[in-house]
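# Tertiary structure, described
Chain by chain, the residues:
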Amino acid sequence: MTRHLITSAIPYINGIKHLGNLVGSQLPADLYARYQRARGHEVLFLCATDEHGTPAELAAAKAGKPVAEYCAEMHDVQARIARDFRLSFDHFGRSSGPQNHRLTQHFAGRLAEAGLISEVDEHQMYSLSDGRFLPDRYIEGTCPNCGFEGARGDQCDNCTKQLDPVDLIDPHSTISGSKDLEMRATKHLFLRQSAMKDRLDAWIDSKDDWPVLTTSIAKKWLHDGDGLQDRGITRDLDWGIPVRRGEEDWPGMEGKVFYVWFDAPIEYIACAQEWVDAGKGTDWERWWRTDKGAEDVRYTQFMGKDNVPFHTLSFPATILGSGEPWKLVDYIKSFNYLNFEGGQFSTSRGRGVFMDQALEILPADYWRWWLLSHAPESSDAEFTWANFQASVNKDLADVLGNFVSRVTKFCRSKFGETVPEGGDYGPREDALVAELETRLSAYAAHMDAMEVRKSAQDLRAIWVAGNEYLQSAAPWAAYKEDPARAAAIVRLSLNLIRLYAVVSAPFLPDASDRLAEAMHLSDRSWPEGSVAEALSLLQPGWAFDVPDNLFRKITDEEIADWQVRFAGTRSEG
RNA sequence: GCCUCGGUAGCUCAGCGGUUAGAGCUGACCGCUCAUAACGGUUAGGUCGCAGGUUCGAAUCCUGCCCGAGGCACCA
């Protein structure tokens, strides 16, 4: 048995995430967590909301609420939606929790002791009207290079030139529109990543089995230009973790907080503490401290490609730099983006389907199946309504759902709602078992390797094998000549339904539950032995109920409606 | 501009040096009639982005170009 620590990139607090966000981290992480649990491994699957930073403050202000209150509410909203998507987190924490405050301050103190923190005096743009320092991207003006009027302080979207806010002509705050800006001196802490470049480089080099997407981004940051740069880890904000050096004050840093990207990954650890404090576990250190039992833990992170630099470089620099025996990540599974009907999902323009809306129109399993079977692994992928309809109707309703329906209804009409006895298995059954042995081992191998799309294809092939068998064995024909033979075919087919309930569970947890209920399953253990054995668990006389149809079909009318409804401009902040 | 990934049948993708390039969906035809008009079988469909090169042999390696997506460090 292996112990799997699994984390999903933590979603930002300022709103409900869209399906592209979901498929890039939380959903595949859930698939993997469910699978590893099903295989009998001990799993700790953690996620949280990422709550600090300027966008959270602005979103709260827009909602007319204190930021702490806003975050608490949005956390509950995200937690509820996650639960409805059947994301099986062992704990869904908050980066603003007291555990993360202490731990983040602790790491900063350790890094300072190790000489890996430098204090840098710099000048940043301050908005007198807004009463705050502005991040570069919150300042707009005219580009000195091309004359574009909507250039941001960090970059011009028109000519792509890298800019500094002071370069802009007529700069103004995008928050208030105010031009009452000035450069003010401020001091910030920098994490001396450059001092750890070689260590990080060697560490990344040792990970030759990681997705190229992961390592290529890390390598780019390590070797581009002058190499890995130091990174500011504090900000002039109110909402965040106060800068402290461990337990002590940090002279000169009063009123400042840690940068959200410094404290967010530390929340992975703090979340395990929250898990214990919530009474769900008893020992978080055996998952996170290699001196306290975590040396045999396998730690896997899931994230979209935009998160890769922080997980391959900044967070490892924090962990390694502390000089303490914290568990480092073993495998980083990263994803490309999911596009929507020929363009990008857009939170600001309300383009695409958001998690709450998705569940309003269809249950979680429908989305889980399409998203996972089309996960953007090797390149960006695209969601289209037509493809969604075709895939869901064919795979779920026709191939899986209809198989269950035809078997259970045939049995009920000929033998009643119990597993029938009598008859013998022959070559057809041997062929089916052989086919399933091959398919199941491929499925398991792909799931172990986190090959999400390929796993979905294997699972589908397992469902198809049932229909092929049924068609060739034709119990409806056998019944007329040899009812006992028909009974044997039906008995095996009912056992196939049990197998499907078990192996489909990571993708389709609700359908799995409904099948388990219908088949009166008390034991849902994975088929670790032979397939023949797994297909003999439901013995003659075993009672079951014919379930309602597992999946309904999506109609053309619905698709036409949704195409219009989700095309853009969601009327909401 | 630099870097990375991708460009394979109408669609979504696999294959990444070696027999006639594969799968699912879609189309056509046949079969079945237990089932959510579902299922099974057969079949059609491809200058493997373009142009060179290496090799006995390239979708697969190299070079250049074209197209798409992303990264390029304080947006989380």
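Residues numbered from 1 in each chain as written. Chains lettered and ligands numbered in written order. Predicted model: local features only at pLDDT ≥ 70, side-chain atom pairs only at ≥ 80, totals over all residues. Heavy atoms only, no water.

In the annotation of an unreviewed UniProt entry, chain A is listed under the name Methionine--tRNA ligase and assigned to Pseudooceanicola batsensis. Of chain A, the UniProt comment under Catalytic activity (unreviewed entry) reads exactly: "tRNA(Met) + L-methionine + ATP = L-methionyl-tRNA(Met) + AMP + diphosphate". UniProt's Sequence similarities (unreviewed entry) comment on chain A is quoted here verbatim: "Belongs to the class-I aminoacyl-tRNA synthetase family. MetG type 1 subfamily." (UniProt positions renumbered as here; feature names shortened; annotations may be inferred.)

## Examining the UniProt feature "binding site: ATP" (unreviewed entry) in chain A
When the UniProt feature table is mapped onto this chain numbering, "binding site: ATP" (unreviewed entry) sits at Thr347. Along the polypeptide, Thr347 turns up in the loop between strand S18 (343-344) and helix H11 (355-361). Residue Thr347 is classed as exposed on the basis of its relative accessible area of 51%. If near-sequence neighbours (up to four positions away) are discounted, Thr347 is found in contact with His18 and Phe354. (Helix = DSSP H or I, 4+ residues; strand = E, 2+ residues; numbered from the N terminus. Buried < 20%, exposed > 50% of the residue type's maximum accessible area, 1.4 Å probe, protein only. Contact = heavy atoms within 4.5 Å.)

## Structural notes on the sheet that holds strand S4 (residues 117-127)
Ordered in space as S5-S4-S9-S10, the four strands form an open sheet in which the pairing is antiparallel. Pairing within the sheet leaves two strands with one partner each, and these edge strands are strand S5 (132-133) and strand S10 (231-232). Pairing of S4 with S5 involves two bridges; the strand directions are antiparallel. For Tyr126, the partnering residue across the bridge sits in S5 and is Phe133. (Pairing = 2+ DSSP bridges.)

## Side note on helix H3 (residues 54-63)
Turning to H3, its buried residues are Thr54, Ala56, Glu57, Leu58, Ala59 and Ala60. Against the buried residues of H3 lie helix H4 (67-84) and S5. Gly64 sits one or two positions beyond H3 and adopts a positive phi of about 70°.

## Thoughts on the nonpolar core
Membership of the largest hydrophobic core comes to 164 residues, with the highest contact counts inside it found for Phe85, Trp288, Trp367, Trp385, Phe388 and Phe507. Those residues in contact with Phe85 that sit more than four places away from it in its chain are Leu19, Leu22, Met355, Ala358, Leu359, Ala364, Trp367 and Arg368. Listed in part, the 12 residues of the second largest apolar core include Tyr12, Ala59, Tyr70 and Tyr259. (Core = buried A, V, L, I, M, F, W, Y, C linked by side-chain atoms within 4.5 Å.)

## Topic: the protein's contact with RNA strand B
Around RNA strand B, a shell composed of 52 residues is seen, among which Tyr12, Arg235, Gln344, Asp380 and Asn402 lie nearest. Sugar and phosphate atoms represent 72% of those atoms of RNA strand B found within 4 Å of the protein. Taking Lys305, its side chain carries an N or O atom lying 3.5 Å from a sugar or linking oxygen of RNA strand B. At 2.6 Å from a base nitrogen of RNA strand B is found a main-chain nitrogen or oxygen belonging to Phe551. Elements with a minimum of two residues in the surface near RNA strand B: helix H7 (212-223), S10, helix H8 (260-277), helix H13 (385-415) and helix H15 (452-473). Looking at the surface near RNA strand B, the element that brings in the most residues is H13, giving 10 residues. Partitioned by chemical class, the residues of the surface near RNA strand B number 16 nonpolar, 16 polar and 20 charged. (Near = heavy atom within 4 Å. Polar contact = N/O pair within 3.5 Å; in protein donor to acceptor, adjacent residues only side chain to side chain. Nonpolar A, V, L, I, M, F, W, Y, C, P; charged D, E, K, R; others polar.)

## Brief notes about the domain arrangement of chain A
The domain boundaries assigned to chain A delineate domain 1 (3-114 + 256-335), domain 2 (117-191) and domain 3 (387-534). Taking the mean C-alpha position of each, domain 2 and domain 3 sit 61 Å from one another. (Domains from an automatic or database assignment.)

## Examining the state of the cysteines
Per the counting criterion, the structure on display carries zero disulfides. No disulfide involves Cys47; its nearest neighbouring cysteine sulfur is the one of Cys271, lying 7.6 Å away. Looking at Cys71, it has no disulfide partner, and the nearest cysteine sulfur is the one in Cys47, 15 Å off. Accessibility expressed as a relative area gives 0% for Cys71, which makes it buried. (Disulfide = S-S within 2.5 Å.)

## Considerations on the sheet that holds strand S19 (residues 381-383)
Pairing in this open sheet of three strands is mixed, and the strands run S18-S17-S19 from one edge to the other. Strands at the two margins of the open sheet, each flanked by one partner only, are S18 and S19. Both strand S17 (residues 338-340) and S19 contribute to a ladder of three bridges, which runs parallel. Pairing of Phe340 across the sheet is with Phe383, part of S19.

## Brief notes about the packing of helix H2 (residues 26-38) against helix H12 (residues 364-373)
Packed helix pairs are specified by the crossing angle of their axes together with the interaxial distance, meaning the distance between the axes. Between H2 and H12, the least distance of the axes is 10 Å, while the angle of their chain directions is 100°. One finds that H2 runs roughly perpendicular with respect to H12. Each of Leu27, Pro28, Asp30, Leu31 and Arg34 in H2 lies in contact with H12, whose residues at this interface are Arg368, Leu371 and Leu372. Classifying every residue of the contact of H2 with H12 by side-chain character gives five nonpolar, no polar and three charged. (Axes fitted to C-alpha atoms, helices over the stretch in contact; angles between N-to-C directions. Parallel < 35°, antiparallel > 145°, perpendicular 65-115°, else oblique.)

## Examining unusual backbone geometry
Of note, Asp170 is a non-glycine position whose phi angle comes to about 55°, a positive value. You will see that Met450, though not glycine, has its phi angle at about 60°, which is positive. By secondary structure assignment, the location of Met450 is in the loop between helix H14 (427-448) and H15. Note on Met450: relative accessible area 4%, which makes it buried.

## What to know about the packing of aromatic side chains
Centre-to-centre distance and the angle between the planes together describe a pair of aromatic rings. Counted according to the given criterion, the structure contains 30 aromatic pairs. Between Trp367 and Phe388, the ring centres sit 4.4 Å apart and the planes meet at 15°, which makes this aromatic pair stacked. Taken together, the residues Trp367 in helix H12 and Phe388 in helix H13 connect sequence positions 21 residues apart. The same class applies to Trp367 and to Phe388, which are both buried. An aromatic cluster of three or more residues is present, and its members are Phe340, Trp367, Trp370, Phe383, Trp385, Phe388, Trp562 and Phe566. A cation sits over an aromatic face here: Arg184 above Tyr126, 3.7 Å from the ring centre. Here Lys305 stacks its cationic end above the ring of Tyr337, 4.7 Å away from the centre of that ring. (Phe/Tyr/Trp six-rings, centres within 6.5 Å; stacked < 30°, edge-to-face > 60°. Lys NZ or Arg CZ within 6 Å of the ring centre and 35° of its normal.)

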